[in-house]
Amino acid sequence: MKIAFISDIHGNAVALKAVLEDIEKRHVDEIIVLGDISFRGIEPAKSLKMVRHNSEWVIKGNGDEWIVRGIEQGEVPDNMLSLMQQERDWAVQQLEESEMNYLKELPHSIKRDIEGVKIHAFHATPQSLFDVVFPYEKNEILQEKLKLDEADISIYGHIHQSFIRYVNGKCVMNIGSVGLPFDGEYKSSYGLIDVQQNNYQASIIRVNYDRDLVLKKISESDYPNKDFFRDYYSSGKQ
């Protein structure tokens, strides 16, 4: 059984379309979405509709939480709070009430047992939508924050930097970002798990998409923070 894990779409429907097309070509059986669907991107409603059409397994990210209830002081740098709240308000204006309710009710994690392989998927950590666990953390930090004893494979997003590590016989996988990778590589990133009779293969897939089209859509819109995207596409970093 093949399962694709996608995360951190951030309203980038162009990138999401390219990733979904790549997933289809690989004959994937299921898609699991690890949050941050609509916030901080030019097509929040379209991205959400695509997610709901293609996956029954969707969890909440910090960006989805911000869409629902706003951004609180201390959750982002003080000098960014006002502007990011404007971005949040802009996104909310694009969404229907039913879509807001959908985001509000999303669960925080998913646990699956697939052909004897236990998978635990969450956005940032099992306890938090906001905590940050980087690729270079010590094994002890990964063990503690990600609760690795609870599954054979622990999968998360949030940091926009993909990696695969093995800690005490457990697989740790960050699937990166569909819409805003922060590792200097502009291609979208997602994870693929292929499970066959208690065996598995974990892979990171990179997919090209039309960044010029995304920038064109942003420049023609009334999005409140166009400079963020101009800076991002010049460096591939936040």
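The model shown is predicted, which means the values in this text are computed figures rather than measured ones.

Here is what the cut-offs are and how they apply
Residues numbered from 1 in each chain as written. Predicted model: local features only at pLDDT ≥ 70, side-chain atom pairs only at ≥ 80, totals over all residues. Heavy atoms only, no water. Helix = DSSP H or I, 4+ residues; strand = E, 2+ residues; numbered from the N terminus. Rg over C-alpha atoms; globule rule 2.2 N^0.38 Å. Buried < 20%, exposed > 50% of the residue type's maximum accessible area, 1.4 Å probe, protein only. Contact = heavy atoms within 4.5 Å. Areas by Shrake-Rupley, 256 points an atom, 1.4 Å probe, with all protein chains shown as cover. Lys, Arg positive; Asp, Glu negative; His and termini not counted. Charge placed at Lys NZ, Arg CZ, Asp CG, Glu CD. Pairing = 2+ DSSP bridges. Axes fitted to C-alpha atoms, helices over the stretch in contact; angles between N-to-C directions. Polar contact = N/O pair within 3.5 Å; in protein donor to acceptor, adjacent residues only side chain to side chain. Salt bridge = Lys/Arg side-chain N within 4 Å of Asp/Glu carboxyl O. UniProt positions renumbered as here; feature names shortened; annotations may be inferred.

Asker: Explain the overall build of the protein to me, and be specific about the residues and the numbers.
Answerer: Of regular secondary structure, the protein possesses 8 helices and 10 strands. The C-alpha radius of gyration of the protein comes to 17 Å, within 12% of the 18 Å expected for a compact globule of 238 residues. In terms of overall dimensions, the protein has a C-alpha envelope of 50 × 40 × 35 Å along the principal axes. Looking at the protein as a whole, 55% of its 238 residues qualify as buried. Restricting the contact set of the protein to residue pairs at least 6 apart, pairs at least 24 apart contribute 68%. About 10900 Å² of surface is accessible on the protein, with carbon and sulfur atoms providing 44% of the total. On the protein, the mean spot of the 28 positive side-chain charges and the mean spot of the 38 negative ones are 2 Å from each other.

Asker: Provide a residue-level description of the sheet that holds strand S9 (residues 188–196), including the pertinent values.
Answerer: Read from one edge of the open sheet, 5 strands run S3-S2-S1-S9-S10, paired in mixed fashion. Each edge of the open sheet is held by one strand with a lone partner, namely strand S3 (57–58) and strand S10 (199–207). Bridging between S9 and S10 involves 9 bridges; their strand directions are antiparallel. What sits directly across from Leu192, in S10, is Ser203. Against the sheet, helix H1 (residues 13–25) touches strand S1 (2–6), strand S2 (30–33), S9 and S10, its axis set at about 25° to S9.

Asker: Can you lay out the side chain of Ser221 for me, pointing to particular residues and giving the numbers?
Answerer: Inspection of the secondary structure assignment puts Ser221 in the loop between helix H7 (211–219) and helix H8 (226–235). For Ser221, the side chain forms a polar contact with the main-chain oxygen of Ile218, separated by 2.8 Å. A distance of 3.1 Å separates a polar atom in the side chain of Ser221 from the backbone nitrogen of Tyr223. Sequence-distant contacts of Ser221, that is, excluding residues within four places in its chain, are made with Ile42 and Lys226.

Asker: Can you tell me about the pattern of salt bridges, naming the residues and giving the values?
Answerer: Enumeration over the complete set of coordinates arrives at 15 salt bridges. Close ionic contact of Asp131 with Lys145 constitutes a salt bridge, the shortest N to O distance being 3.6 Å. You can see Asp131 sitting in the loop between strand S5 (117–122) and helix H6 (139–146) and its partner Lys145 sitting in helix H6, a full 14 residues away along the chain. The class of Lys145 is partly exposed, set by a relative accessible area of 26%. Among the salt bridges present, the one from Arg206 reaches Asp183, with a minimum N-O distance of 2.8 Å. Pair noted here: Arg206 is in strand S10 and Asp183 is in the loop between strand S8 (170–174) and S9, with a separation of 23 residues, a long-range link. Taking relative accessible area as the criterion, Arg206 reaches 27% and is therefore assigned partly exposed. You can call Asp183 partly exposed: its relative accessible area is 32%. Here the salt bridges share partners, and the residues they tie into one network are Lys60, Glu65, Arg69, Glu72 and Glu75.

Asker: Residues and numbers for the UniProt feature "domain: Calcineurin-like phosphoesterase" (unreviewed entry) in the protein, please.
Answerer: Taken from the UniProt record, the annotation "domain: Calcineurin-like phosphoesterase" (unreviewed entry) applies to residues 1–197. The annotated region residues 1–197 carries 33% helix and 23% strand content, and the separation between its end C-alpha atoms amounts to 9 Å.

Asker: Requested: an account of the sheet that holds strand S7 (residues 163–167), with residues and values cited.
Answerer: With mixed pairing, the 5 strands of this open sheet are ordered in space as S4-S5-S6-S8-S7. Every other strand in the sheet has two partners, leaving strand S4 (109–114) and S7 as the edge strands with one partner each. Averaged over neighbouring strand pairs, the angle between their axes works out to 15° when direction is ignored. Relative to S8, strand S6 (residues 153–156) runs parallel, the two being bridged by 4 bridges. For Ser154, the partnering residue across the bridge sits in S8 and is Val172. Running over the sheet, H6 touches S5, S6, S7 and S8 and is turned about 95° from S7.

Asker: Account for unusual backbone geometry, with residues named and values stated.
Answerer: Residues other than glycine seldom take positive phi values, yet Asp8 does so here, at roughly 50°. The residue Asp8 is located in the loop between S1 and H1 in this model. For Asp8, a relative accessible area of 0% puts it in the buried group. The backbone of Asn168 shows a phi angle near 50°, a positive value even though the residue is not glycine. Within the fold, Asn168 resides in the loop between S7 and S8. A relative accessible area of 67% means that Asn168 is categorised as exposed.

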